[in-house]
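Per-entry structural report
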Amino acid sequence: MSPEGWRDALSRSFAAAGLDAEVQPWNGQPIGARYAVVWLPPADLFAAEKELRAVFNLGAGVDALLARGVVPEQLPIVRLVDAGMAAEIAEYVCFAIARIARGLDRFAPPPHGLREWSSAQISDETPRVGVLGLGAMGAAILEAVARFGYPVAGWSRSPRKIAGVETFAGAAELDAFLARTQILVDALPLTLETQNLLDRRAFAQMPEGAHVINVGRGGTIVDEDLLAALDEGHLASATLDVFRVEPLPAGHPFWAHPKVTVTPHIAAPTPYGPAAEQIAAGLKRLEQGMPVRDLPGYVDRSAGY
Ligand code: OXD
């Protein structure tokens, strides 16, 4: 992410929103900033900028920001909600699902593809897709996948109703959700509750030959348990865009595993324009006196998102 790119996009959006605001990349010297727009900021920023009223996070996930522990407790954090990323992530997931359900890897270029004229469907059955996490991302994924006719269900921490979708909630309903899910899409934020949620026990609830797609956070999956479930043949594949440690270390077994596709956290890059517009709209409301708690994306630190 380029600070200059963000400065330009934010300046444009602030001007369009009629805000008289100056945007400056932070270079270590105090500038008396009223708001900070950050991605993994240094602790020095908060030591130097004493007049901050709120922090805008340049991403939907705040796990890494909260884990750094640099944002003073009393300073509110606002994260992005969708901001153009939900459509991107839904596109990525639909592609990953089509690749599985329609066996697209059969047609890969040499040396891996079959190179034969075989239009046979890999299965007559349309796989049941389950989305873990029903925030802005999860909801957009569900909607997109359902449009292609896949039977879909969603699971969230607390009960949610979505028209035409079977929903499950809380720890008590997780196993039933996993048991009906042949392609699992993990779109969870990383919180104390979701950390290591998908472990050996959880994978064992899923049907034989199921697939896992992770576009949420790496820490929600226990890597060793996923590898074991793949090696034992219980799970058929994993498509992973997010990892416990990023960049994924060179020697990590995911890189070489024949059933694992690794992409480098590219499912939903934060788009400058829509993100800057959302920040401008939020900042304007704050300047007009709206309580920060009422802003979409206000982070409840106790929930972790
Ligand atoms: C985000 C991400 O948090 O890109 O927005 O992972």
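Overview of the structure. None of these values were measured; they are calculated from a predicted model.

With their axes 8 Å apart at the nearest point, helix H4 (residues 85-101) and helix H5 (residues 136-147) run at an angle of 45 degrees to one another. For the element pair H4 / H5, the angle class is oblique. When the axes of H4 and H5 are compared, the crossing they make is right-handed. Packed against H4, whose contacting residues are Met85, Ala86, Ile89, Ala90, Val93, Cys94 and Ile97, the element H5 presents Ala136, Met137, Ala140, Ile141, Ala144 and Val145 at the interface. Here the residues of the contact of H4 with H5 are counted per class, giving 13 nonpolar, no polar and no charged.

Before going further, it helps to spend a moment on the side chain of Asn214. Following the sequence through the fold, Asn214 ends up in strand S8 (residues 210-214). Residue class for Asn214 comes out buried when judged on its relative accessible area of 1%. Polar contacts involving the side chain of Asn214 include one to the main-chain amide nitrogen of Gly216, which spans 2.9 Å. In this structure Asn214 touches Asp186, Thr220, Ile221, Thr239, Leu240, Asp241 and Val242, once residues within four positions along its chain are discounted.

What follows deals with the sheet that holds strand S3 (residues 77-78). With parallel pairing, the three strands of this open sheet are ordered in space as S1-S2-S3. One side of each edge strand has no neighbouring strand; the edge strands of this open sheet are strand S1 (35-38) and S3. Both S1 and strand S2 (residues 54-57) contribute to a ladder of four bridges, which runs parallel. Note on S2: the bridge partner recorded for Val38 is Asn57. Most of the contacts of helix H10 (residues 272-287) go to S2, to which it runs at about 165 degrees, and overall it touches S1 and S2.

Together, Met1, Trp39 and Leu40 give the surface a local cluster of nonpolar side chains, amounting to about 300 Å² of exposed area. Here Leu40 is to be found in the loop between S1 and helix H2 (43-48).

A few words now on H4. A rise of 1.5 Å per residue sets the reference length of H4, with its 17 residues, at 24 Å; its end C-alpha atoms lie 24 Å apart and thus fit the reference within 8%. Of all 17 residues in H4, 12 are buried, a share of seventy percent or more. Taken residue by residue, H4 has Met85, Ala86, Ile89, Ala90, Tyr92, Val93, Cys94, Ala96, Ile97, Ala98, Ile100 and Ala101 as its buried positions. Once H4 ends, the next one or two residues include Gly103, with phi positive near 60 degrees.

Turning to the site of the ligand, a few remarks are in order. The immediate surroundings of the ligand are formed by Trp39, Gly59, Ala60, Gly61, Met85, Arg217, His265 and Ala268. Ala60 has a polar backbone atom sitting 2.7 Å from an oxygen atom of the ligand. Backbone polar atom of Gly61 to an oxygen atom of the ligand: 2.7 Å apart, as the coordinates give it. For the ligand, the protein covers 87% of the area, taking 210 Å² as the surface of the free molecule. Of the residues that constitute the shell around the ligand, the class distribution is four nonpolar, three polar and one charged.

Our focus in this paragraph is the pattern of salt bridges. Once the charged atoms of two side chains with opposite charge are near each other, the side chains can pair. Considering all chains together, one arrives at 12 salt bridges under this definition. Arg99 is the partner of Asp105 in a salt bridge, and the nearest nitrogen-oxygen pair spans 2.8 Å. Of the residues examined, Asp105 reaches a relative accessible area of 42% and is grouped as partly exposed. Residues Glu232 and Arg200 are paired through a salt bridge, measuring 3.6 Å at the closest nitrogen-oxygen approach. Residue Glu232 is found in the loop between helix H8 (223-231) and strand S9 (235-240), and its partner Arg200 is found in helix H7 (residues 200-205); the two are separated by 32 residues along the sequence. Here Glu232 falls in the exposed class, since its relative accessible area comes to 54%. The partly exposed category is assigned to Arg200, whose relative accessible area is 47%. Because the salt bridges share partners, they merge into one network encompassing Arg34, Arg53 and Glu287.

Glancing now at helix H6 (residues 170-179). Of the residues making up H6, those classed as buried are Gly170, Leu174, Phe177 and Leu178. Angular distribution of buried residues about the axis of H6 spans 95 degrees; they occupy a single face of the element. Buried residues in H6 make contact with strand S4 (129-132), strand S5 (152-156), strand S6 (166-169), strand S7 (183-186) and H7.

Take Trp26: it is sitting in the loop between helix H1 (3-16) and S1. Since its relative accessible area comes to 26%, Trp26 is described here as partly exposed. C-alpha of Trp26 to C-alpha of Leu45: the two residues are 19 residues apart in sequence and 7.9 Å apart in space. Non-local contacts of Trp26, meaning those with residues more than four positions away in its chain, are made with Ile31, Pro42, Asp44, Leu45, Ala48 and Glu49. Among the polar contacts made by the side chain of Trp26, one reaches the main-chain carbonyl oxygen of Gln29 at a distance of 3.3 Å. Side chain to side chain, Trp26 and Glu49 meet in a polar contact 2.8 Å long.

Cut-offs applied
- Residues numbered from 1 in each chain as written.
- Predicted model: local features only at pLDDT ≥ 70, side-chain atom pairs only at ≥ 80, totals over all residues.
- Heavy atoms only, no water.
- Axes fitted to C-alpha atoms, helices over the stretch in contact; angles between N-to-C directions.
- Helix = DSSP H or I, 4+ residues; strand = E, 2+ residues; numbered from the N terminus.
- Parallel < 35°, antiparallel > 145°, perpendicular 65-115°, else oblique.
- Left-handed = near helix turned anticlockwise from the far one by under 90°.
- Contact = heavy atoms within 4.5 Å.
- Nonpolar A, V, L, I, M, F, W, Y, C, P; charged D, E, K, R; others polar.
- Buried < 20%, exposed > 50% of the residue type's maximum accessible area, 1.4 Å probe, protein only.
- Polar contact = N/O pair within 3.5 Å; in protein donor to acceptor, adjacent residues only side chain to side chain.
- Pairing = 2+ DSSP bridges.
- Patch = residues over 30% accessible without salt bridge, like charges linked within 9 Å, V, L, I, M, F, W, Y side chains within 5 Å.
- Areas by Shrake-Rupley, 256 points an atom, 1.4 Å probe, with all protein chains shown as cover.
- Salt bridge = Lys/Arg side-chain N within 4 Å of Asp/Glu carboxyl O.
- Expected span 1.5 Å × (residues − 1).
- Near = heavy atom within 4 Å.
- Arc of directions from axis to C-beta.

The analysis is restricted to geometry; functional conclusions fall outside its scope.
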